[in-house]
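The residues making up each chain are set out below.
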Amino acid sequence: MSYYDDRNGTVLNDVFVKTAVEVKRFLPSLFNIKVLGEKGSGFRPRAVVQDFQKLREECLSTGTLFEDPEFPADDSSLYFSKRPDRYIEWKRPMEIADNPQLFVEGFSRFDVQQGELGDCWLLAAVANLTMDANLFFQVVPEDQSFEENYAGIFHFRFWQYGRWVDVVIDDRLPTYRGELVYLHSAESNEFWSALLEKAYAKLHGSYEALKGGTTCEAMEDFTGGVTEMYQMDETPPNLFNILLKAYERNSLMGCSIEPDPNILEAETPQGLIRGHAYSITRVKYVEIQTPNQYGRIPLLRLRNPWGNEAEWNGPWSDQSPEWRFIPDHEKEELGLTFDMDGEFWMSYHDFIKYFTQLEICNLNPDSLSEDDLNAGKKKWEMSVFEGEWVRGVTAGGCRNFLETFWHNPQYRITLEYPDEDDDKCTVIVALMQKNRRAQRRMGAECLTIGFAIYHLEYPERLSKPLDINFFKYNASVARSPAFINLREVTCRFKLPPGVYCIVPSTFDPNEEGEFLLRIFSENKNNMQENDDEVGVGEVDDRVRDEPEPDRNAEKVREFFKKLAGDDMEVDWMELKEILDFAMRKETNNKGFSKDVCRSMVAMLDVDHSGKLGFEEFRQLWTDIKKWRAVFKLYDRDETGQLSAFELRQALNSAGYRLNNHILNILVHRYGTKDGMITFDDYIMCAVRLKTMIDIFRERDPDLTNTATFTMEEWIEKTLYS
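Everything quoted here is computed from the prediction, not taken from an experiment.

A. Fine view of the nonpolar core. The biggest cluster of nonpolar side chains holds 54 residues, and the ones touching the most others in it are Leu575, Phe592, Met600, Trp627, Leu651, Tyr682 and Ile683. Of all the secondary structure elements, the ones that give two or more residues to this core are α15 (553–564), α16 (572–582), α17 (594–604), α18 (614–634), α19 (644–653), α20 (660–670) and α21 (679–699). Here the element with the most residues in this core is α18; it accounts for 10 residues. Discounting residues that sit within four places of it in the chain, leucine 651 has contacts with Tyr656, Leu658, Leu666, Tyr682, Cys685 and Leu689.

In structure tokens form, the structure reads like this:
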């Protein structure tokens, strides 16, 4: 989802609005993640990864054709909500056509013909993909064919949540009466488009799951780019300039007209098809010479994925009289043809009049080849960060929830140089939610997500991360106008050079999820997490000095001597007895767990004897009293628990500086299901933190923030802690 913000950084109030899409969108199912990826795709597979090369070699050596157990040739791969209305037969290409080929005379946008599935959004993206060979072969690897090493197995690559993944399929395709049911090529023996659609259906769980998507999503999955969506009734005044810059940067563009609710893909009097996804294949100011004037007119070239005579019939359409006024050299440069091929030109004025929606996919800078750059194409500058919202820690909700909003992940971005033709900087912010935990074939429902951007006038004077007081007294200068339940929220802004903080969040607090935050700008942007550096800081003044006289101290000393025996040492079981006696109130008479007692011994047991002497115990006792005093500071209602939101402040008061990544894993590790930390777990957390920092500091005496361990040392230190 994308919005254009033309207020140039003025926000009247800071209340955020929640909206919902009519058709619920689902994130691709992680049920299929196990079928993805060569090694190094960045995903930890949940089962055996399907390795294309390995599987093909096995099939060739046994003389069999591959049959994919993960996406079987049956009804479950076609539909998730119903049964087919007729008998669908799965056939391999050689059973459908003579001399099957992956490509017949190369590949082009005319190879993509729509079948029965309502996925013209996918067709428009595939047609766009064919216009760039680099992008195309990134998705359709060249190491496969129906001749050399054919074994009924093919593979395709898609971009998922920041990484490229490999999807393996067999080549059995759904047919009815011998004809392909879904996406196919104009050439009856060309199969790359049908196989690509099958791989994409596998990624989503079924062919039916491809209904009702957006060209934006497919274009992102094919390129790793960032997409924007514009409604034509509220376009920015400089939209043609945005289109020109997009074309300069090889962006993929699609557009559509609102569907007629009563007629599927109805044709307008102008020859355009409602509810149909068109691709924009050229954007240009074209020279025009009439008897009375000379100038330039903004034109666009569009393509209907049907690739037939259903074309625009208004001004600048094929054979229209307007072309008489275009000089021959200009026509030649445009490569003008008037075939019944679904491709046509129209004026920008008519484009915004008749089309209702525009989608632009801005390509990742890595997608531009050397040839593109040499040909004058430009590229975006990009920054990418991955993060997560964890219940009670970093899932703070939107600014409507001021008390927790500041706990969200924060990102600081510095914009130094304005655009070439402006005194402001173009910034595209894209927040994509990731689906990590869903196991169902259908995937997970989308959370309601959005973001806010704050200007930092004096960044060096501000705390990291920004605290509640900053957000109390500073309004956002830009934001996603609404929080919405889509896979991605994207917005383009024009901001003056300066330092900004971006806060991505879900609408309500405590909604868990992972996300990818991407920033595109015309000139270099410097982006970093606006967070604490991990390390040791000052202990809170309120607990630095002895907070209260410890009436138990003498009793504890006596108890230690009694349990320790002649060698004046205690093991973890004896330590547990001492601490359970001394901390009866804090543990609600339940005592400490054996794990925390073992870890306490390990923290101070330098000689690895498994025991503590009295001096070591005294040091431990000092630490525990400090941690207990901190716990009491934040456990104001004396429940014996801290909320995870308070954990960061509590550990700060104890002298530990932690960032969101570490806080998130601490709460995953030590928190309860509802995001609370018990006293026992809090102490365990503090013990482990102190131990790990001490082990590291021992190897980093010069405080360089780096240390070296052998494998043996690392295992020894981490296992015994």
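B. Highlighting the sheet that holds strand β13 (residues 357–362). Read across the open sheet, the 6 strands follow the order β8-β13-β9-β10-β11-β12; overall the sheet is antiparallel. Of all the strands in the sheet, just β8 (226–231) and β12 (343–347) have a single pairing partner and so form its edges. Ignoring strand direction, the axes of neighbouring strands in this sheet form an average angle of 35 degrees. Pairing of strand β11 (residues 294–303) with β12 involves 5 bridges; the strand directions are antiparallel. When the bridges of β12 are listed, leucine 300 appears paired with methionine 346. Sitting on the sheet, helix α7 (residues 215–223) is in contact with β8, β9 (252–256) and β13, with an inclination near 10 degrees to β13. Seen against the sheet, helix α8 (residues 239–248) touches β8, β9, β10 (278–289), β11 and β13 and runs at an angle of roughly 110 degrees to β10.

C. Spatial organisation of the UniProt feature "active site" (unreviewed entry) in the protein chain. Summarizing the sequence annotation, UniProt attributes the feature "active site" (unreviewed entry) to Cys120, His276 and Asn304 in the numbering used throughout. Taking the farthest pair of C-alpha atoms as the criterion, the annotated set spanning 185 residues converges on one region, since that pair is 9.7 Å apart. Judged by its relative accessible area of 9%, cysteine 120 falls in the buried class. As for its placement among the helices and strands, asparagine 304 is situated in the loop between β11 and α9 (328–334). The contact partners of asparagine 304, leaving out residues within four places of it in the chain, are Ile273, His276, Tyr278, Ala310 and Gly342.

Quick notes on the rules
- Residues numbered from 1 in each chain as written.
- Predicted model: local features only at pLDDT ≥ 70, side-chain atom pairs only at ≥ 80, totals over all residues.
- Heavy atoms only, no water.
- Core = buried A, V, L, I, M, F, W, Y, C linked by side-chain atoms within 4.5 Å.
- Buried < 20%, exposed > 50% of the residue type's maximum accessible area, 1.4 Å probe, protein only.
- Helix = DSSP H or I, 4+ residues; strand = E, 2+ residues; numbered from the N terminus.
- Contact = heavy atoms within 4.5 Å.
- Pairing = 2+ DSSP bridges.
- Axes fitted to C-alpha atoms, helices over the stretch in contact; angles between N-to-C directions.
- UniProt positions renumbered as here; feature names shortened; annotations may be inferred.

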